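Spelled out from the first residue to the last, the chains are:
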Amino acid sequence: YVRFVMADMFPNVGKMMWIDADTIIRCDIVPFFRSALSTNDHTISARLIRGEHRGEAETFNAGVMVVDLDRWRARNVTAKVEEWTALNAKEKIYNYGSQPPLQLAIGDNFERMDTDWNFGGLGGNEDATIKHCACLLHWNG
């Protein structure tokens, strides 16, 4: 849940990259970090997935993401995450830990990270073929 309070923990930082511990980095990520979120007004850049708790809506995996912390603060994302978490405690609208409240707070308003940068879904997928050009390999799932 630390990713929910990064903006508060680092008030003088404008942009940050979150990388889960189940990720292997195989290239220089600095060019990607610099270019992420530079041509749009999104708060985060993350890998596109299908949202199980939101039907077939597009959503993201938050295990590897670039976050514009200034936009996060301006849009009160932490407060929105807290609201979804409190609602879930009362009504049990999701079951999957820390990702759903962030997905619900952001919605589909996120930059789609290219799978050449972040290749995920490797956890539990014995048949996955790893792209040779993929920079980040994420064993989520």
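Cut-off values and rules
Residue positions are given per chain, counting from 1 as you read along its sequence in written order. Given that the model is predicted, a residue must reach a pLDDT of at least 70 before its local features are reported, and side-chain atom pairs must reach 80 or more before they are shown or counted; all residues, however, enter totals for whole chains, interfaces and linings. Side-chain descriptors were evaluated using all non-hydrogen atoms of the structure, hydrogens and water having been removed beforehand. Only runs of H or I of at least four residues qualify as helices and only runs of E of at least two qualify as strands under DSSP, and these elements are numbered from the N terminus. Between N or O atoms, a polar contact is any pair within 3.5 Å; within protein, one atom must be a potential hydrogen donor and the other a potential acceptor, and residues adjacent in sequence are included only when both atoms are from side chains. A contact between two residues is defined here by any heavy atoms of the two lying within 4.5 Å. Pairs were defined over the aromatic rings of Phe, Tyr and Trp, the Trp ring being its six-membered one, requiring ring centres within 6.5 Å. Orientation was assigned from the angle between planes: stacked under 30 degrees, edge-to-face over 60, tilted for the rest. Distance and angle both matter: a charge sits over a ring if NZ of Lys or CZ of Arg is within 6 Å of the ring centre and within 35 degrees of the ring normal. Between buried and exposed lies partly exposed: a residue is buried under 20% and exposed over 50% of the maximum accessible area for its type, with that area taken using a 1.4 Å probe on protein chains only.

Focus: the side chain of Thr43
Stage number 1. Among the structural elements, Thr43 can be located in the loop between α2 (30–35) and β3 (44–50).
Stage number 2. At 2.7 Å, the side chain of Thr43 forms a polar contact with the side chain of Arg75.
Stage number 3. Residues in contact with Thr43, not counting those within four places in the same chain, are Leu37, Val66, Val67, Asp68, Arg71, Trp72, Arg75, Val77 and Ile106.

Focus on the packing of aromatic side chains
How two aromatic rings sit relative to each other is set out by the distance from centre to centre and by the angle between their planes.
Stage number 1. If you walk through the whole model with that rule in mind, you get three aromatic pairs.
Stage number 2. Just above the ring of Phe33 sits the side chain of Lys15; from NZ or CZ to the centre is 5.0 Å.
Stage number 3. Geometry around Phe110 places Arg112 over its ring, the cationic atom sitting 4.0 Å from the centre.

Quick word on helix α5 (residues 99–106)
Stage number 1. Within α5, six of the eight residues are buried, which leaves the element mostly enclosed by the surrounding structure.
Stage number 2. Regarding α5, the residues found buried are Pro100, Pro101, Leu102, Gln103, Ala105 and Ile106.
Stage number 3. Following α5 by one or two positions, Gly107 adopts a phi angle in the positive range, close to 70 degrees.

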